[in-house]
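Structural description and commentary
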Amino acid sequence: MPATTTPTPVEVFESGDAALRVVASSPNREANWSTVHALAGWLEAAGADGVHGAVPTYDSLLVEFDPGVTSARQVRAFVLLGMRQLDFIGAPARAPREFSVPVVYGGEYGPDLERVAEHEQLPVEEIIALHTAKSYVIRCLGAPAGSPMMDGPDFPLPVPRLKDPRLSVPAGAVAVAGRQAVIAPAMAPGGWCVIGQTPLAVLDVTSEPLVPYVPGDLLRFHQIRAEEFASYAGRKLEAAR
Amino acid sequence: MSGSLVIQQSGNSVVTDLGRFRGPRFGLPVNGALDQFSARAANILTGNEDSAPLLEVTALDFRMRASTDILIAVTGAPLRLTVGGRECQQWEPVSVRAGETVALRQITGGLRAYLAVHGSVEAPVLLGSCAPDTVIGFGLRLTDGAELKTSRSVPPIRQPYFDLPLFRLGLTRPEFSSQAVVEVTDGPDVDEFGDTADLLYTTEYTVSARSNHIGLRLGGDLPERQSSAEVLSRGVPVGAIEVPSRDELLVLHRGRGVTAGYPVLAVVTTRSLDVLAQARPGHTITFRRTTVPDATAKHRAALRELENLRSTVSTVFALLGIGSRPGWQQFAPAAGS
């Protein structure tokens, strides 16, 4: 994740007896994101007794803890200590890795590609061109199972979710919704528009961590033909650099 | 001596533990035993660590046969427990002889029972936990004929007085009710619901049949969000109460997706999550507002009770020579020589 000079201020909210929500609410979205991820990193590294871990997303962080060992009050103090530390040392810099993701667009692999094209009033080719045009920053890991949540392609309009979510979307599905993009690491129900599928295995339950990327890494899609899909069988998603 | 458990009737059963606490940072739900108090108690009653793998049996009848002499304990929802055809007590250690069938039948009043075995059972581990994850397809869901490896055998413990229960360890059992009261604290987004938030505390909700380990769906008068601004995905705690549709209230449990974009109206206390774990479809739920310090105090009181149980169990087991601690029997020859 990129180095930040000064973290933005945060507010801490009660979230039951076993979690706190920490929110960075400055007008600078990029700085908010850096702040909550840097704070999550600090909390993980500090490893306080009874703190299970932290789940950072865009502008917020959920800190989970064992109320038998520590308490909301103690963890709040710990979070504020972390913020003072980050103010002092700045958020640590880490060079992002880049992942290259082959995708078969449309047809059985991307049943919603034409729907999205119609909604955006663009030809299908232009949707693919926009989707492959740039690298995306992985903002956070989401449900299900460590999905890489990314800011979406530069489509003219936000993409509406499906009215009837699918009961089952296959692993590797490449989808868009609103202004966001994602790959589904595992088969799960889903309401996002599926425009393609990657043949690479994203999730590996035999390794730790289960997914190869962390928030802050970059991901870029490139188009392959349907005939090439099978030739990638058994290959895992790996960093290009 | 190691042995095995052969599952004769799996019903709806899994091998689980207290949960995958390192999962959420990787986008995996914590999962694990839904009724944590009952699961901890079962392990403590068999002399195990609280976090040892054990069986969670949900709603349906379950039978297994042990290949060696073992010691078990069954906790959770009230049911009819038999070993080799003999009626046995829940919430007490129970001696099982090689070849005998252990049957859990007629789970009533609650939904989930826990069966722990002294020395525990073997199960695959992911991020430090054997808890099944239905989304990524991990874990041991038991099937008829499946075999579980056990690591320790316990010789049958003789009961000199005919027909009396073997142990009386005196744990206060949780109450199981079809009209449960569930304590919650105000959620971080309670203000978004305006005055309608109070409906949560004045309405009697009914548990829907579509409830599971991911969340309970409750029917009744629903608080309504007053704004429609889009919410960025963010981490949501286990116990979060959301109103995702006009039909039902959603109360997230341990299988919940780690992130979501719905406002959190309230959060169920750790102690009351165990109550929800036992709510059956058709049961009614009322919510009561509490504070975080009060919820923490109640959770810690329950943990103290479990600690007391652990100390009683370890004393009794030491006297009987069960487990790794040396018992008086081992010192007896020296004393007599």
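Reading the values: rules and limits
Residues numbered from 1 in each chain as written. Chains lettered and ligands numbered in written order. Predicted model: local features only at pLDDT ≥ 70, side-chain atom pairs only at ≥ 80, totals over all residues. Heavy atoms only, no water. Helix = DSSP H or I, 4+ residues; strand = E, 2+ residues; numbered from the N terminus. Rg over C-alpha atoms; globule rule 2.2 N^0.38 Å. Buried < 20%, exposed > 50% of the residue type's maximum accessible area, 1.4 Å probe, protein only. Contact = heavy atoms within 4.5 Å. Expected span 1.5 Å × (residues − 1). Polar contact = N/O pair within 3.5 Å; in protein donor to acceptor, adjacent residues only side chain to side chain. Axes fitted to C-alpha atoms, helices over the stretch in contact; angles between N-to-C directions. Parallel < 35°, antiparallel > 145°, perpendicular 65-115°, else oblique. Left-handed = near helix turned anticlockwise from the far one by under 90°. Nonpolar A, V, L, I, M, F, W, Y, C, P; charged D, E, K, R; others polar. Pairing = 2+ DSSP bridges. Buried area = accessible area lost by both parts, 1.4 Å probe. Salt bridge = Lys/Arg side-chain N within 4 Å of Asp/Glu carboxyl O. Domains from an automatic or database assignment.

Let us now look at the overall build of chain B. Counting its secondary structure elements, chain B contains five helices and 21 strands. Here the C-alpha atoms of chain B give a radius of gyration of 22 Å, agreeing with the 20 Å that 2.2 N^0.38 yields for 337 residues. Dimensions of chain B, computed from the C-alpha atoms along their principal axes, are close to 80 × 40 × 35 Å. A burial count over chain B gives 53% of its 337 residues as buried. Taking as baseline every contact in chain B between residues at least 6 positions apart, the subset at least 24 positions apart corresponds to 76%.

Further remarks concern helix H4 (residues 292-320) of chain B. Residues and elements named next belong to chain B. In this model, H4 (29 residues) spans 42 Å end to end at C-alpha, consistent with the 42 Å of a helix rising 1.5 Å per residue. Regarding H4, the residues found buried are Val-292, Ala-295, Thr-296, His-299, Ala-302, Leu-303, Leu-306, Leu-309, Val-313 and Phe-317. Capping of H4 at its N-terminal end is provided by Thr-291; its side-chain oxygen lies 3.2 Å from the backbone amide nitrogen of Asp-294. Looking one or two residues beyond H4, the residue adopting positive phi is Gly-321, at roughly 75°.

Below, the discussion takes up unusual backbone geometry. All names here are of chain B. In this structure, Asn-31 is a non-glycine residue whose phi angle is positive, near 50°. Assignment of secondary structure puts Asn-31 in the loop between strand E2 (13-16) and helix H1 (36-45). For Gln-106, which is not a glycine, the phi torsion comes out positive at approximately 55°. One can find Gln-106 in the loop between strand E9 (101-105) and strand E10 (112-117).

Okay, the packing of H1(B) against H4(B) next. Residue and element names in this part refer to chain B. Across the interface, H1 lies against H4 with an axial gap of 9 Å and an inter-helix angle of 15°. As the angle between them shows, H1 and H4 are arranged roughly parallel. Crossing handedness for the pair H1 and H4: right-handed. For the pair H1 and H4, the contacting residues are Phe-37, Arg-40, Ala-41, Ile-44 and Leu-45 in the first and Ala-302, Leu-303, Leu-306, Leu-309, Arg-310, Val-313 and Phe-317 in the second. Residues that form the contact of H1 with H4 fall into these classes: 10 nonpolar, no polar and two charged.

Let us now look at the sheet that holds strand E7 (residues 147-151) of chain A. Residue and element names in this part refer to chain A. Strand order in the closed barrel formed by seven strands is E5-E12-E9-E10-E7-E6-E13, with mixed pairing between adjacent strands. On average, each strand axis in the sheet is tilted by 40° relative to the strand beside it, whichever way the strands run. Bridge count for strand E6 (residues 136-142) against strand E13 (residues 218-223) is two bridges, and the pairing is antiparallel. From the neighbouring strand, Tyr-136 faces E13, where its bridge partner is Leu-219. Helix H3 (residues 113-120) rests against strand E5 (98-105), strand E9 (173-177) and strand E12 (193-197) of the sheet, and its axis sits at about 125° to E12.

Residue and element names in this part refer to chain A. Most of E12 sits inside the fold, with five of its five residues counted as buried. Of the pairings in the sheet, the one linking E5 to E12 comprises two bridges and is antiparallel in character. By the bridge assignment, Val-104 is partnered in E12 with Gln-197. Pairing of E9 with E12 involves four bridges; the strand directions are antiparallel. Looking at E12, one finds that Val-174 is bridged to Gly-196.

With that settled, the discussion passes to the interface of chain B and chain A. At the junction of the two partners, chain B supplies 34 residues and chain A supplies 41 residues. In total, about 3,200 Å² of surface goes out of reach between chain B and chain A, with carbon and sulfur atoms giving 59% of it. Where chain B touches chain A, the interface holds three salt bridges. With its nearest N and O atoms 2.8 Å apart, the salt bridge here joins Arg256(B) to Glu64(A). Scanning the region where chain B abuts chain A turns up 10 residue pairs in polar contact (both at pLDDT 80 or more). Within the residue set of the side of chain B that touches chain A, elements represented by two or more residues are strand E16 (234-235) and H4 of chain B. Among the elements that line the side of chain B that touches chain A, the one with the most residues is H4(B), at six residues. Tallied by class, residues from the side of chain B that touches chain A come to 18 nonpolar, 10 polar and six charged.

Residue and element names in this part refer to chain A. As summarised here, the arrangement of the four strands in space is E1-E2-E4-E3, forming an open sheet in which the pairing is antiparallel. Of all the strands in the sheet, the pair left with one neighbour each is strand E1 (10-14) and strand E3 (51-56). In this sheet, neighbouring strand axes are inclined to one another by 20° on average, regardless of whether the strands run parallel or antiparallel. In the sheet, strand E2 (residues 19-24) pairs with strand E4 (residues 60-65) via five bridges, with the strands oriented antiparallel. Within E4, the residue paired with Val-23 across the bridge is Ser-60. Packing against the sheet, helix H1 (residues 29-46) makes contact with E1, E2, E3 and E4, and its axis sits at approximately 160° to E3.

This paragraph deals with the domain arrangement of chain B. All names here are of chain B. Structurally, chain B comprises domain 1 (3-175) and domain 2 (179-290). In this structure, domain 1 and domain 2 have C-alpha centres spaced 29 Å apart. Of the roughly 1,600 Å² buried between domain 1 and domain 2 on both sides combined, carbon and sulfur atoms contribute 51%. In this structure, the connection of domain 1 to domain 2 is made through zero salt bridges. Listed by contribution, the elements that provide at least two residues to the side of domain 1 that touches domain 2 are H1 and E10. In terms of residue count, H1 provides more of the side of domain 1 that touches domain 2 than any other element does, three residues in total. Of the residues contributing to the side of domain 1 that touches domain 2, the split by class is 13 nonpolar, 11 polar and two charged.

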